[in-house]
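Each chain, written out:
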Amino acid sequence: MFTIDLTSRIPIYEQIYQKIVMLILNGTLAENDQLPSVRLLAKSAGVNPNTVSKAYQELERNGVIYSVPGRGSFVSAQNFDEFRKKIMLDFDSTVNEAFERGLSPDDLKARIDSLFIAYRKDDLA
């Protein structure tokens, strides 16, 4: 489904959370699509099932997915405008913090470009 960077400073459960959100935003996962079971995703990603469970709990708490006892976890209906608005607010906050710490707009633009290139490479893999 996706890869996890075990050397990243971003916690693994957060990476799983972000990857699932990304799959929903880009249309790979649609409303009512079933997610892999916790055990299956943990095995394929090479991580502890408790880590995947934590990511799923956070996704459910934020209304991104819902669970059906005995059946699994599914993608919730999304209000994409609200979803994107939250992402942009988080982005704005991070950019403002970067400016406060002395990074220039050129630094941030270069970083965005490099992240987009890496994203596209992962997307094609």
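In what follows, the structure referred to is the one given above.
Residues numbered from 1 in each chain as written. Predicted model: local features only at pLDDT ≥ 70, side-chain atom pairs only at ≥ 80, totals over all residues. Heavy atoms only, no water.

Asks: Even after reading the chapter, I still don't get the overall build of the protein chain, so can you show me in this structure?
Replies: A tally of helices and strands in the protein chain yields five helices and two strands. Taken from N to C terminus, the helices and strands of the protein chain fall in the order α-α-α-β-β-α-α. Projected onto its principal axes, the C-alpha coordinates of the protein chain cover approximately 50 × 30 × 25 Å. Sequence separation of 24 or more characterises 50% of the internal contacts of the protein chain that already satisfy a separation of 6 or more. Summing over all exposed atoms, the protein chain offers an accessible surface of approximately 8,900 Å²; the carbon and sulfur share of this is 53%. (Helix = DSSP H or I, 4+ residues; strand = E, 2+ residues; numbered from the N terminus. Contact = heavy atoms within 4.5 Å. Areas by Shrake-Rupley, 256 points an atom, 1.4 Å probe, with all protein chains shown as cover.)

Asks: Sorry if this is basic, but what is going on with the pattern of salt bridges here?
Replies: It is possible for side chains of opposite charge to pair when their charged atoms get near one another. In this structure the tally under the stated criterion is three salt bridges. A salt bridge links E58 to R61; the nearest nitrogen and oxygen atoms lie 2.8 Å apart. One end of the pair, E58, and the other, R61, are both in helix 3 (residues 49-61), three residues apart, so they sit about a helical turn from each other. The exposure class assigned to E58 is partly exposed, which follows from its relative accessible area of 26%. Look at R61 and you get exposed, because its relative accessible area is 57%. K86 is the salt-bridge partner of D90, the closest N and O atoms lying 3.2 Å from each other. (Salt bridge = Lys/Arg side-chain N within 4 Å of Asp/Glu carboxyl O. Buried < 20%, exposed > 50% of the residue type's maximum accessible area, 1.4 Å probe, protein only.)

Asks: I tried to follow the pairing of strand 1 (residues 65-68) on my own but got confused; where do I start?
Replies: Looking along a regular strand, one sees side chains alternate from face to face of the sheet. Across four bridges, the pairing between strand 1 and strand 2 (residues 72-75) is antiparallel. Each bridged residue has a counterpart across the sheet, and for I65 the counterpart in strand 2 is V75. The hairpin turn running from strand 1 into strand 2, its antiparallel successor, is three residues long, and G70 in that turn takes a positive phi close to 80°. (Pairing = 2+ DSSP bridges.)

Asks: Would you take a moment to explain the environment of P11 for this structure?
Replies: For P11, the location among the structural elements is in the segment before helix 1 (12-25). According to the relative accessible area criterion, P11 is partly exposed, its value standing at 36%. Put simply, P11 and T51 are 40 residues apart on the chain and 9.3 Å apart in space, counted from C-alpha to C-alpha.

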